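# Commentary on secondary and tertiary structure
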Amino acid sequence: MEAIALMADIHANLPAAEAVIADIRRKHKPDRIVSLGDQVNLGPAPCDTLRLLRAEGVTCLHGNHEGYILSVMRGEPGYAGANFASLRFNADRLTPQEITFEKELTLSDVTLCHAMPGDDRFPVHNPTLALPRLNAMAFEPGTHIVCGHGHNPMHYRLPNLTLDVVGSVGCMDDGVPGMALYAMLYLSPGRVTLEPCVARYDPSALKPLFIRSGFAEACPIMAHVTCLQQQRNFDFLVPFVTLARRLSAEKPEAEVSRETWAQADARLARRPIHRPVLARTRGTQPRVRFPQIHAPLKTRKWPYRRPPDFGQSDTALFLRVTAASFPQTRRGASRRSSARQTAPGR
């Protein structure tokens, strides 16, 4: 039997990657480790993350974020907006050779890739979008694809297709802080077993990494948003970028400007955000239900009060807007007291 450890969507979250690899080595002793793309971007430590993966002999596959960075390196148009500052940060520090990987790998009739073979942006994270497209495709009987791209685990079963999404090591969309996902794939004649696994790590190490790496200096608003997402394993990024693009289209702008970026930042500062409900087993290890139900047990607001001033020292700005803790309601608190605690500007 062959044992393969699968990681995906590390997104330059070095503490999470270190924790997962240590957990894999300690518990499973696999024949090989494969990373299913998106090793870099969004997180603070792209160079150190790639260095770790090379040192550990990890086989890396191509993800859409490697593709974006390579496009910036080639000088392709469309990446000049404020929303692409993190891609430019990565492009300035990496070489094409460091992030050029094979797009897929087949082991015993199981295909490993980032999203789908030939499409590293296929919406595996969204069944509403994915299922009609999957049903329209033709697959050979017994096709089994294991991928990343979706930051939470997913499982699809169609007549000729099994599609498994292993979830994200470093950037979950709806999880528990300090949770890093990976999976063990066991291959034997006529049998495939996929075992989901969790490693724990301390996300408090992320903010100093964002500062030391220069990410906070290069793009403070994006650093703040992605630091929050990686620290709390909750999707702050997609609603933020979606709003910025909508505001930019309304103006209209050819690229998202810094002013629009700051405007979106200010809009989201006034929007309450609900943390997921955590389910607990009998032990002390938290687990997470998928899909999550967002109930207002812990109401947290966007953790700063006003749009950042680009004239300030960027590092000081990042420290100011990354609040140490969110305003939080107690269980059983009244709606009125909850509204008071989470009202913007209070």
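Residues numbered from 1 in each chain as written. Predicted model: local features only at pLDDT ≥ 70, side-chain atom pairs only at ≥ 80, totals over all residues. Heavy atoms only, no water.

On the basis of which strands lie adjacent, the open sheet formed by five strands has the order β3-β2-β1-β9-β10 and mixed pairing. Among the strands making up the open sheet, the edge pair consists of β3 (59-60) and β10 (191-200). Where strand β2 (residues 32-35) and β3 come together, two bridges link them in parallel fashion. Bridge pairing in β3 links Ser35 to Cys60. (Pairing = 2+ DSSP bridges. Helix = DSSP H or I, 4+ residues; strand = E, 2+ residues; numbered from the N terminus.)

The strand order across the open sheet built from five strands is β4-β5-β6-β8-β7, with neighbouring strands paired in mixed fashion. This sheet does not close on itself; its edge strands, each paired only once, are β4 (104-107) and β7 (154-158). On average, each strand axis in the sheet is tilted by 15° relative to the strand beside it, whichever way the strands run. Where helix α5 (residues 127-135) meets the sheet, its contacts fall on β7 and β8 (161-165), and the angle it forms with β7 comes to roughly 30°. (Axes fitted to C-alpha atoms, helices over the stretch in contact; angles between N-to-C directions. Contact = heavy atoms within 4.5 Å.)

In this model helix α8 (residues 220-232) runs 18 Å from its N-terminal to its C-terminal C-alpha over 13 residues, within 8% of the 18 Å that 1.5 Å per residue would give. Of all 13 residues making up α8, 13 are buried, and the element is well covered by its neighbours. Two residues or fewer past α8, Asn233 is found with a positive phi of approximately 50°. (Expected span 1.5 Å × (residues − 1). Buried < 20%, exposed > 50% of the residue type's maximum accessible area, 1.4 Å probe, protein only.)

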